[in-house]
Amino acid sequence: MQAPCTSLADYAEQARKILAPDIWQYLDSGTAGNRTRYQNEYAFDNIHLTPRPLADVRGGHTRIDLFGQTLTHPFMIAPIAYQGLFHPMGEVGVAMAALAQQTPYIMSSLASQPLSDITATGAHCWFQLYWQSSREASLRLLRKAEQVGATAIVFTVDAPIKQSSLTLPHDISAVNLEPTPPLTKIDATQSAVFDQWMTLAPRWEDLAWLRSQTQLPLLVKGLQHIEDAQRAIDTGCDGLIISNHGGRVIDGTPSSLEVLQRFRPQLSPSIPLLFDSGIRSGSDAFKAIALGASAVLIGRPIIWGLVQGPLGLAHVLRLLRDELEMTMALMGCASIASISGCAIRL
Ligand code: FNR
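Described in the following lines is the structure provided in the data block.

What counts and what doesn't
Residues numbered from 1 in each chain as written. Predicted model: local features only at pLDDT ≥ 70, side-chain atom pairs only at ≥ 80, totals over all residues. Heavy atoms only, no water. Helix = DSSP H or I, 4+ residues; strand = E, 2+ residues; numbered from the N terminus. Buried < 20%, exposed > 50% of the residue type's maximum accessible area, 1.4 Å probe, protein only. Contact = heavy atoms within 4.5 Å. Polar contact = N/O pair within 3.5 Å; in protein donor to acceptor, adjacent residues only side chain to side chain.

**Topic: the environment of Arg211**
And step 1. Considering the arrangement of structural elements, one finds Arg211 in helix α8 (residues 204-213).
And step 2. With a relative accessible area of 16%, Arg211 lands in the buried category.
And step 3. Between the C-alpha atom of Arg211 and that of Cys237, which follows or precedes it by 26 residues, the distance is 6.9 Å.
And step 4. Excluding residues that lie within four positions of it along the chain, Arg211 makes contacts with Leu216, Leu218, Thr235, Gly236, Cys237 and Asp238.
And step 5. One polar contact links the side chain of Arg211 to the main-chain carbonyl oxygen of Leu216, over a distance of 2.9 Å.

**A few points about unusual backbone geometry**
And step 1. With phi around 50°, Tyr82 is a residue other than glycine that occupies positive phi space.
And step 2. Along the chain, Tyr82 turns up in the loop between β4 (75-77) and α4 (90-100).
And step 3. By relative accessible area, which is 14% here, Tyr82 ends up buried.
And step 4. One non-glycine residue, His245, adopts positive backbone phi at about 65°.

Right under this line is the structure:
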């Protein structure tokens with residue numbers, strides 16, 4: 001009998017054994033080179049915590065308020081494509097665990113199950129939008145998400161060219177998307193990147209247009225240059241998700257934690273900065289919050305749990321919550337607000 005999993009590392013190890021090698025590879029890998037993917041995790045090792053025993057943390061809690069929504073804790077489920085690849089219950093299984101652990105679930109544009117089935121679980125859902133081939137098609141997808149009750153929109157801008165090497169099984173597809181129109185024909189003098197793929201990518205004017213199309217909070221995920229971050233805020237976006245897509249898009253960028261440290265002092269404190277890429281424990285979450293994150297998204301570890309069904313994922317989320325609470329208690333922090341600026345050292 002398999003030993004029970006008692007840590008995220010145990011869940012990762014089991015997922016590696018259970019999943020088919022090509023599916024594990026799709027989940028685990030970053031872009032060729034994997035430097036950014038690993039840098040994301042190593043960055044946390046360079047931040048040190050100085051415990052503050054004897055503090056009175058009775059009655060402590062992890063609640064936060066974000067865009068008028070009260071969350072029990074600062075963890076969120078990052079958007080991840082095709083969750084049916086990892087367990088037959090797919091996105092609905094993730095949403096059940098999310099509900100059990102009161103964790104907001106960001107549904108991917110590339111979900112393998114209908115958005116309405118996911119929100120029917122009663123989970124608190126946001127929607128991650130990938131730009132579709134036109135404004136009209138993007139708007140239809142946005143409206144679909146609004147109609148099923150998504151309470152915020154995450155616009156992912158860092159992956160306009162999809163380079164996945166995985167061939168999807170016949171029963172897994174992006175069921176919420178319309179068929180993509182054929183790419184424009186190019187001749188031998190033209191570039192597939194500039195003259196085909198990038199003609200379909202969103203531009204700044206599309207972000208401004210998107211802003212004008214929804215009343216929901218709009219967050220941009222994947223900006224890494226401070227001028228871009230400021231421009232998105234000036235365009236009316238409500239928040240940013242600092243992310244390098246788990247090191248899956250361009251290799252050689254700084255760790256996401258480094259970008260957070262650059263951004264936070266330069267942007268208005270009233271702008272929520274959510275964070276992902278590399279969080280593997282509750283103490284990692286603590287460090288990100290101490291460095292200015294308002295909430296943190298969990299990527300690959302969600303799937304490590306999902307591989308063992310909704311119960312496995314609910315346990316992963318509970319472990320993260322328990323680790324965060326434990327870290328807060330040992331660091332003398334009775335609330336998430338008290339974490340920022342507390343004793344950490346580079
Ligand atoms: C992703 N990510 C992602 N992001 C997004 O905006 N839309 C998507 O559909 C996906 N799909 C996706 C698939 C897989 C298999 C992975 C691993 C990641 C990126 C994801 O939201 C998040 O940014 C990273 O996973 C965070 O890094 P960690 O926690 O995995 O290190």
